[in-house]
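Summary of structural features
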Amino acid sequence: MDDAAARDIEGVEGLVEHYDAVVLGAGISGLVSASVLIAQGCERILLADEYGHVGGNHIDWSSGGYTFDIGSLIFQDDSPLLAHFPELLPRYVPIDPSWARLNPQRKVTAYPISPRDDVLAAGVWVVISIMVSVIYARLFQRRMQNARDFARYWIGAYLLHRTGLESYMKRFYGVPAEQIDIELARKRMLWISENASLRALVARWRKPSRSAPTNRQLARPKEGFSVLYAAAVERLSANGVTFRLSARLEGIEHAGQGLRVRFGDNTVNARRVISTIPLERAAALCGINSGGPDLETITLLSLYFSFSGERGFRESVLYNFSHEGAWKRLTVYSDFYGPANDREYFAVEVIADHIGHSAADAEADFREHVRKNGLFDGDLKLEGSQILANAYPIYRNGAAARAAALVDSLRKFGVESFGRQGAFNYQPTARVSTHEAEAALGAKLSPP
Ligand SMILES: Cc1cc2nc3c(=O)[nH]c(=O)nc-3n(C[C@H](O)[C@H](O)[C@H](O)COP(=O)(O)OP(=O)(O)OC[C@H]3O[C@@H](n4cnc5c(N)ncnc54)[C@H](O)[C@@H]3O)c2cc1C
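Because the structure is a prediction, the values reported are computed rather than measured.

1. Topic: the sheet that holds strand S7 (residues 93–95)
Ordered in space as S6-S10-S7, the three strands form an open sheet in which the pairing is antiparallel. Of all the strands in the sheet, the pair left with one neighbour each is strand S6 (75–76) and S7.

2. Examining the packing of aromatic side chains
For any pair of aromatic rings, the description consists of the separation of the ring centres together with the inter-plane angle of the planes. Applying the stated rule across the entire model yields 32 aromatic pairs. Both rings, one in Trp327 and one in Phe366, keep their centres 5.5 Å apart while their planes meet at 85°; by these two values the pair is edge-to-face. On the criterion of sequence distance, the pair formed by Trp327 in strand S17 (residues 327–332) and Phe366 in helix H13 (residues 359–372) is long-range, its members being 39 residues apart. Taken individually, Trp327 and Phe366 each receive the classification buried, so the pair is uniform in this respect. Both rings, one in Phe346 and one in Phe366, keep their centres 6.1 Å apart while their planes meet at 50°; by these two values the pair is tilted. Residue Phe346 is found in strand S18 (residues 344–351), and its partner Phe366 is found in helix H13; the two are separated by 20 residues along the sequence. Since its relative accessible area comes to 1%, Phe346 is described here as buried. Through a chain of ring-to-ring contacts, the aromatic side chains of Tyr111, Tyr168, Phe172, Tyr173, Tyr319, Phe321, Tyr392 and Tyr426 assemble into a single cluster.

3. Re the packing of helix H4 (residues 124–140) against helix H5 (residues 147–162)
Closest axis-to-axis distance for the H4/H5 pair is 7 Å, and the angle between their directions is 145°. Considering the relative orientation of H4 and H5, their crossing is right-handed. Counted together, Val126, Ser129, Ile130, Ser133, Val134, Ala137 and Arg138 of H4 and Arg152, Tyr153, Trp154, Ile155, Gly156, Ala157, Tyr158, Leu159 and Arg162 of H5 form the full contact between these two elements. Counted by class, the contact of H4 with H5 contains ten nonpolar, three polar and three charged residues.

4. What to know about the domain arrangement of the protein
Each domain of the protein was delimited in the assignment, giving domain 1 (3–58 + 224–293 + 396–440), domain 2 (114–206) and domain 3 (299–388). If you average the C-alpha positions of domain 1 and of domain 3, the two centres end up 35 Å apart.

The rules behind these values
Residues numbered from 1 in each chain as written. Predicted model: local features only at pLDDT ≥ 70, side-chain atom pairs only at ≥ 80, totals over all residues. Heavy atoms only, no water. Pairing = 2+ DSSP bridges. Helix = DSSP H or I, 4+ residues; strand = E, 2+ residues; numbered from the N terminus. Phe/Tyr/Trp six-rings, centres within 6.5 Å; stacked < 30°, edge-to-face > 60°. Buried < 20%, exposed > 50% of the residue type's maximum accessible area, 1.4 Å probe, protein only. Axes fitted to C-alpha atoms, helices over the stretch in contact; angles between N-to-C directions. Left-handed = near helix turned anticlockwise from the far one by under 90°. Contact = heavy atoms within 4.5 Å. Nonpolar A, V, L, I, M, F, W, Y, C, P; charged D, E, K, R; others polar. Domains from an automatic or database assignment.

Here's what the structure looks like:
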């Protein structure tokens, strides 16, 4: 469609722009969707987001020479995202991250479980208790209705508590594990069943795995995500994509063979509308009643610290598996980018609901908890903090089915909705988001 044909005078509404497709949300799902649609022959695409930047919830924060991310964002050089945007690769910073966890016994040890520190070092009675509890669970607790049942079946109630996995699950999911959908547990906690099954243990005993990683780990450029995703914007713009950032969406309605999308300041017509924005928001824009209780999401509170002194662990990512402390995970960015002002710096993720959405309370809780555990002995300074709504879906029992019903209602209306927020889908990585967007649009999956 050329530019002249793409404009149409529509009575009192004035000039209405026409697009082959409108994509809502310029996160990974939206960017990949635009790339797939171009490959499928779309010539005019509008990519709209209420944020003033592209990349969605890949968000960095900088101040006084320190750069932090919301969360622990680590990428790989074999990501299928690079099949769509190969020019991203040279912009990443290669890193060599390592992971550890703080266990309830106040020890920094292997993530997610340490047979040596969590089991063997505890002495013979604890080992016997663990074995009895696993045998009991396998024989008498076979019925699995939620995430706790799932984990208990595989490692037994004793080890679940002793390793701190149960406490971590509550921090991770935002609600106690017994309220979490069993289907999500099966999807997200596969590593437990894979590592704890008798078959896996025997296989490891017979042939210990010594495979080295086949891919390279990467972080965003030091300057932030905007430098990274500028390359994607350039490629898409050159291929017929118009970006509309800081957009205010007001409604979506049927118009002839397609749909009409109303923004605060104008209206566009499109043959297709792809949505990667929160499911309930998209439903409201279409006038669809979502019915039932709201789909809950985790609000993440990030604390940004600089530090000088003895931190007490070597790894770049530390998970909090202890029974106390509201923080979930911390990432030492100075391990990736080098110290700034002769200080290390790191971001701490806290589930905002667990600390009353207060940065001051979260900071006090963190300081007290790391002091008790002998970590960060020195000068710890809070450089800033940030709140992110809609960080992860909370799969309280029944939420997955409600989300699936809403995706279906949107599809019947004519809007294709997918992605982390667009399908209320826990997507841990850009790799998963890329493949799910490709699959949703009927494209061949990029390798690997
Ligand atoms: C804390 C955290 C840690 C992560 N860690 C990693 C990691 O280590 N490695 C990795 O590869 N990936 C990581 N990810 C990325 C993630 O797992 C997904 O790949 C990605 O966020 C999903 O992208 P999306 O486009 O589906 O959703 P989002 O990134 O959430 O994008 C949705 C977009 O919709 C927009 N939007 C919302 N409402 C409206 C509206 N009303 N109108 C217009 N636009 C709207 C939002 O502004 C946003 O830009 C992390 C994400 C988070 C949040």
